[in-house]
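What the coordinates show
The primary structure of each chain is shown beneath.
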Amino acid sequence: AIGLAAGRPSLTAFGLGLAFTVLDLLFVVFLNDWGDREVDAIKRRMFPKSSDKTIPDGLLPAHHLLFAGALCGAAALGVAFTGQILLDRPWLGALGLAALGVFVAYTLPPVRLNYRGGGELLEMLGVGVLLPWLQAYLQGGDPTPPGLWLLPGFALLSTASAVASGLSDERSDARGGKRTFVTRFGNLAGRRATEALVFAGACTWALTGTLGDTLPWWVTVPPAFVAFWYGGQTMAVSGAAQTDAFAAQRRYKRCLHHAIWRGGLCAAMLLATWHLWLQTR
């Protein structure tokens, strides 16, 4: 939607963007399971009835995941450089490399910031900034379109999701040596930080349209209200989402994800509407 508001619709750009996103997600999922295999084994021993763990439960061998993840990463880079050539996007390959590099620094040796501390910030950078920025540039061809002003709020919401993802792995992560926000500061601090980030992201969206003149208020304020609404629901179920309360944590994260996904969808629809309105003026 950000890219659409900066240029004309392109089915080629949409197809390349979809291909990059799918390959990038597969790259992350496969290699994250490979990188976390030891901690996953610890969680399986601590919680025998927890959700399936790909390598510890023998669903796939470790070397298959490593190969598949590397292959998907290489294919994603290939898509990015193909788009750079076909659509004359000089920075697309570099953005694709940065998007993949963030995950490499997140979970793979030698950096492994998800084990040293700071993994949540890398997740914010990858999911909240680089991936949507890459898609916007691929679609619209403008590296700094007006819709990028939506990304600070989205980045804060993405950070909330990153912090909350550590709730269900608190004790196994601590035993496995991972330094996440939750293992360092505890379950309660993790939930409070998550909720504060949701409301900070919603406020940022609201202020983007009301204090500046880059985007109209009606593009940014309604998504902010959506995020506020589901942020309130997140707080309503927060008290039950304590350590090892896995069912309650799933409810908590479901409300959180509604704030992010539905707020983001609302912003995308209104941004596209604004683009169509400008085209008819």
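Just so it is clear, the structure is predicted and the values come from calculations on it, not from any experiment. (Residues numbered from 1 in each chain as written. Predicted model: local features only at pLDDT ≥ 70, side-chain atom pairs only at ≥ 80, totals over all residues. Heavy atoms only, no water.)

The tally for this structure, following the rule as stated, stands at one cavity of 30 Å³ or more. Of the voids in this model, the largest cavity is the one considered here, and its volume is about 40 Å³. Surrounding the largest cavity, Leu-16, Phe-20, Val-79, Ala-80, Gly-83, Leu-92, Leu-134 and Leu-138 form its lining. For the lining of the largest cavity, the secondary structure elements donating two or more residues are helix H1 (11–35), helix H3 (62–86) and helix H6 (119–140). Among the elements that take part in the lining of the largest cavity, H3 stands out by supplying three residues, more than any other. Taken together, the residues of the lining of the largest cavity sort by class into seven nonpolar, one polar and no charged. (1 Å grid on protein atoms, 1.4 Å probe; cavity = no way out; pocket = protein on both sides within 12 Å on 5 of 7 lines; lining within 4 Å. Points joined across faces, edges and corners; volume = space filled by probe spheres on them. Helix = DSSP H or I, 4+ residues; strand = E, 2+ residues; numbered from the N terminus. Nonpolar A, V, L, I, M, F, W, Y, C, P; charged D, E, K, R; others polar.)

Bringing the environment of Thr-243 into the picture now. Relative to the elements of secondary structure, Thr-243 occurs in the loop between helix H11 (217–236) and helix H12 (246–280). Along the primary structure Thr-243 and Cys-72 are separated by 171 residues, whereas in three dimensions their C-alpha atoms are 35 Å apart. Apart from the residues within four sequence positions on either side, Thr-243 is in contact with Glu-170, Arg-171, Asn-187 and Gln-249. A polar contact is formed between the side chain of Thr-243 and the side chain of Glu-170, at a distance of 2.7 Å. (Contact = heavy atoms within 4.5 Å. Polar contact = N/O pair within 3.5 Å; in protein donor to acceptor, adjacent residues only side chain to side chain.)

Right, let's get into the nonpolar core. Ile-2, Leu-150, Val-198, Trp-205, Leu-256 and Leu-271 are the most contacted members of the largest nonpolar core, which has 33 residues in total. Ranked by residue count, the leading element in this core is H12, at nine residues. For Leu-150, the contacting residues outside a window of four places in its chain are Trp-205, Leu-215, Thr-220, Ala-267 and Leu-271. Core analysis: the second largest hydrophobic core is formed by 29 residues, Ala-13, Leu-92, Ala-105 and Leu-108 among them. (Core = buried A, V, L, I, M, F, W, Y, C linked by side-chain atoms within 4.5 Å. Buried < 20%, exposed > 50% of the residue type's maximum accessible area, 1.4 Å probe, protein only.)

This part is about the pattern of salt bridges. Taken as a whole and judged by the stated rule, the model has six salt bridges. Two residues, Asp-57 and Arg-44, come together in a salt bridge whose shortest N-O distance is 2.7 Å. Taken together, the residues Asp-57 in the loop between helix H2 (37–46) and H3 and Arg-44 in helix H2 connect sequence positions 13 residues apart. By relative accessible area, Asp-57 is classed as partly exposed at 30%. One salt bridge in this structure joins Arg-171 and Asp-244, with 2.8 Å as the shortest N-O distance. Remark: Asp-244 occurs in the loop between H11 and H12 and Arg-171 occurs in helix H8 (residues 170–176); sequence separation between them is 73 residues. One salt-bridge network, held together by shared partners, links Asp-36, Asp-173 and Lys-178. (Salt bridge = Lys/Arg side-chain N within 4 Å of Asp/Glu carboxyl O.)

Geometric descriptors of this kind do not, in isolation, establish any biological role.
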